[in-house]
Amino acid sequence: MNVSKDKVISLTYELRAENNTGKVIEIVKEDNPLNFIFGAGYLLPKFESNLDGLKKGDSFEFTLKSADAYGEYDETAIIEVPKNVFMVDGKIEDSILKIGNNIPMQDNQGNKLNGKVLEINDTAVKMDFNHPLAGTNLFFAGNVFDVREATTDELAQGLHHSCCESEGDCNDGGCDCGCH
């Protein structure tokens, strides 16, 4: 059975920054493969297009340019947020305001996003809302562990996947398993 729309795909892979010798970002092994419904919009489109037509046991290697992954690094995504935004019960929540912390936030349209604290001053917090992998080419090397038909329930409700055995940036928001 080949990788195609509405099939459940299980992958193992190694993700590296830039190329096959770059920093390891993520390793997904057989004991906890990435499972997803192909063509359901869970993963980056170019990631899926590189897997299309493969079958169980096939290996793959490909690079996604940053523009096809998490985008180019955008200087305009660095924003000063008023410090009072971090008030909880009338008091600034200092425990979360630490340089390097990733803080889940919402924009004024209710979209969820993560911001990394870059600087803190008396009135504002400078945050970077770029994806942690923005501006980074992604090199994937792995294997198609399994391909099967999706059940009716999986197609209706989605397939919740997990994948990460971290080798680095997962706890800093970098573990995305090719997700967007």
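(A) Here's a closer look at the overall build of the protein. Across its full length, the protein carries two helices and twelve strands. Counting from the amino terminus, the protein carries its helices and strands in the arrangement β-β-β-α-β-β-β-β-β-β-β-β-α-β. For the protein, the residues scored as buried account for 40% of the 180 residues in total. Here the analysis covers contacts within the protein between residues at least 6 apart in sequence; of these, 68% occur between residues at least 24 apart. With an accessible surface of roughly 10,100 Å², the protein has 46% of that area assigned to carbon and sulfur atoms.

(B) Just the sheet that holds strand 5 (residues 78–82), in detail. Taken in spatial order, the four strands make up an open sheet running 5-10-9-8, and their pairing is antiparallel. This sheet does not close on itself; its edge strands, each paired only once, are strand 5 and strand 8 (102–106). Between one strand and the next, the sheet's axes are offset by a mean angle of 45 degrees, whatever the strand orientation. Here five bridges tie strand 5 to strand 10 (residues 124–128), and the two strands are oriented antiparallel to one another. The residue of strand 10 that forms the bridge with Glu-80 is Lys-126.

(C) Summary view of the pairing of strand 10. Most of strand 10 is tucked away: four of the five residues are buried. Sheet analysis places strand 9 (residues 112–120) next to strand 10, joined by four bridges and oriented antiparallel. When the sheet's bridge partners are listed, Ile-120 is paired in strand 10 with Val-125. What sits between strand 9 and strand 10 in their antiparallel hairpin is a turn of three residues.

(D) Up close: the pattern of salt bridges. Evaluated as defined, the whole model comprises seven salt bridges. Here Lys-7 ties to Glu-149 by a salt bridge, and the two come within 3.3 Å at their closest N and O atoms. Highlighted residues: Lys-7 in strand 1 (residues 7–17) and Glu-149 in strand 11 (residues 138–149), separated in sequence by 142 residues. Since its relative accessible area comes to 13%, Lys-7 is described here as buried. The exposure class assigned to Glu-149 is partly exposed, which follows from its relative accessible area of 45%.

(E) Inspection of the nonpolar core at higher detail. In this structure, Leu-11, Phe-47, Leu-51, Phe-60, Leu-138 and Phe-140 are the most contacted members of the largest nonpolar core, which totals 26 residues. Elements that contribute at least two residues to this core include exactly strand 1, strand 2 (24–28), strand 3 (34–37), strand 4 (59–64) and strand 11. Among the elements that take part in this core, strand 1 stands out by supplying five residues, more than any other. Other than its neighbours up to four places away in sequence, Leu-51 contacts Val-3, Leu-11, Phe-36, Phe-38, Phe-60 and Phe-62.

What counts, and where the lines are drawn
Residues numbered from 1 in each chain as written. Predicted model: local features only at pLDDT ≥ 70, side-chain atom pairs only at ≥ 80, totals over all residues. Heavy atoms only, no water. Helix = DSSP H or I, 4+ residues; strand = E, 2+ residues; numbered from the N terminus. Buried < 20%, exposed > 50% of the residue type's maximum accessible area, 1.4 Å probe, protein only. Contact = heavy atoms within 4.5 Å. Areas by Shrake-Rupley, 256 points an atom, 1.4 Å probe, with all protein chains shown as cover. Pairing = 2+ DSSP bridges. Axes fitted to C-alpha atoms, helices over the stretch in contact; angles between N-to-C directions. Salt bridge = Lys/Arg side-chain N within 4 Å of Asp/Glu carboxyl O. Core = buried A, V, L, I, M, F, W, Y, C linked by side-chain atoms within 4.5 Å.

Shape descriptors only; they carry no functional weight alone.
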